[in-house]
Amino acid sequence: MLKRYLLAPGPTPVPPEVLLKMAMPIIHHRAPDFIPVFEEVREGLKWLYQTENDVLILCSTGTGGMVGAVNNFFSPGEKVLTVNGGKFGERWTEICKTYGLDVREIEVEWGYAVKPEQVEDALKKEPDIKGVFVQASETSTGVYHDVKTLGEIVGRYEDTLFIVDAISGLVAHDLKTDEWGIDVMVGGSQKGVMLPPGLAFVSVSEKAWKKAEKSNCPKFYFDFLKERKKQKDNQTNFTSAVSLIIGLNEAIKLLKKEGLKNVFARHEKLAHATRESMKAIGLELFAKESPSNSVTAIVAPEGIDGQKIYKTLREKYGVTAAGGQGKAKGKIFRIAHLGYADVFDVIVAVTAVEMALKNLGYPLQLGKAVAVAEEILMGEG
Ligand SMILES: *Cc1c(COP(=O)(O)O)cnc(C)c1O
């Protein structure tokens, strides 16, 4: 028998309470019994997003939300700025180009966070940039970008929208949508929100809604103005993903019970324990600064293929973590501590890494990393 542990940065494990709710017979999305559920979910998402703005619920993966964040607020030829510090930053650039936007890109070396001055300088140089796109947590490198400071900078420009991909950042990081001036923030169900894949969430500020009215990018499925109208009546434009939305309602209840502050503190502690334990056995973190609390990316030791570590973890020990993406493939492996994650998920991950590395010939003293993790996880706060 090989017991399975899902410790990837999406999909992530789903709590049994949520699974049970989703196992209930399907209800009809236009029937009256769905309306109060949708209403509660809409309110719950506002709480999670720390916003008074609308938060749309879309039936798609996170990338669908990203696409909608581009083609609903901009028009072909409009100038935008993307921060590309990894696989998902690259995706912002690709989507913007797909819709014919005039893209300026800040290329950030993988493993580093964008320097706010870079965005500041780009906007000073070209104040006609109409949107700034960034990740909160860049999942491919395990780096957190300073959303708060970036929000302050973009906020100085009346006609510029600040758009954040928080697909893996939501729940793991304290992201204050309204306070930090985030106009559009995208989330996804299968990361911190503790659900299966299939939903995207997008918050939209009043400033962004005004701009949406002038956008002439082609759109049909992701038509946010139409969705907004429908969702105000607790309906979706097309068939609602009823089971996922019912699951989302339960997941938000669990997060509410814990309290936002505690949710963020838990992620910070799990991330801290993971990072320190890896360093204790001589491993280097891929994030050279500003590490994400969602996922830890670890550099594979000299002479050992990162994909081999990831495969050994999965095939020999039943632990599904993640390898590297794009140009980091083979160079790193990644462990998530995101969503339905607690102390013993970190213990499992760290122990399995020790065993896998020893297996692959890396010299280490078993138990050293896990002891460091235990010390941190036993600490207060
Ligand atoms: C997972 C992820 C995405 C893509 O989400 P899909 O659900 O696979 O479409 C985008 N951005 C970030 C930061 C992610 O972690």
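About the criteria used
Residues numbered from 1 in each chain as written. Predicted model: local features only at pLDDT ≥ 70, side-chain atom pairs only at ≥ 80, totals over all residues. Heavy atoms only, no water. Axes fitted to C-alpha atoms, helices over the stretch in contact; angles between N-to-C directions. Helix = DSSP H or I, 4+ residues; strand = E, 2+ residues; numbered from the N terminus. Parallel < 35°, antiparallel > 145°, perpendicular 65-115°, else oblique. Left-handed = near helix turned anticlockwise from the far one by under 90°. Contact = heavy atoms within 4.5 Å. Nonpolar A, V, L, I, M, F, W, Y, C, P; charged D, E, K, R; others polar. Domains from an automatic or database assignment. Buried area = accessible area lost by both parts, 1.4 Å probe. Salt bridge = Lys/Arg side-chain N within 4 Å of Asp/Glu carboxyl O. Polar contact = N/O pair within 3.5 Å; in protein donor to acceptor, adjacent residues only side chain to side chain.

Looking now at the packing of helix 10 (residues 260–280) against helix 13 (residues 368–378). For any two helices packed against each other, the geometry comes down to the angle between their axes and how far apart the axes lie. One way to put it is that helix 10 packs onto helix 13 with a least axis distance of 8 Å and a crossing angle of 150 degrees. Viewed along their axes, helix 10 and helix 13 adopt a mutual orientation that is roughly antiparallel. In this structure, helix 10 crosses over helix 13, and the sense of that crossing is right-handed. Contact residues: helix 10 offers Lys269, Leu270, His272, Ala273, Glu276, Ser277 and Ala280, while helix 13 offers Lys368, Ala369, Val372, Ala373, Ile376 and Leu377. Its residues assigned to classes, the contact of helix 10 with helix 13 shows 8 nonpolar, 2 polar and 3 charged.

Our next topic: the side chain of threonine 93. Here threonine 93 lies in helix 4 (residues 87–98). In this structure, threonine 93 is in contact with Thr82, Asn84, Val103 and Glu105, ignoring residues within four places of it in sequence.

Let's shift gears to the domain arrangement of the protein. Segmenting the protein into domains produces domain 1 (5–10 + 260–378) and domain 2 (16–257). A straight line from the C-alpha centre of domain 1 to that of domain 2 covers 27 Å. Taken together, the 27 residues of domain 1 in the interface contact 30 residues of domain 2. Taken together, both faces of the contact between domain 1 and domain 2 bury some 2400 Å²; the carbon and sulfur share is 63%. Where domain 1 packs against domain 2, one counts 0 salt bridges. At the boundary of domain 1 with domain 2, the tally comes to 8 residue pairs in polar contact (both at pLDDT 80 or more). When contributions to the side of domain 1 that touches domain 2 are tallied by element, the ones reaching two or more residues are helix 10, strand 12 (295–299) and strand 14 (332–336). At 5 residues, the largest contribution of residues to the side of domain 1 that touches domain 2 is made by helix 10. In the side of domain 1 that touches domain 2, the residues fall into 13 nonpolar, 9 polar and 5 charged.

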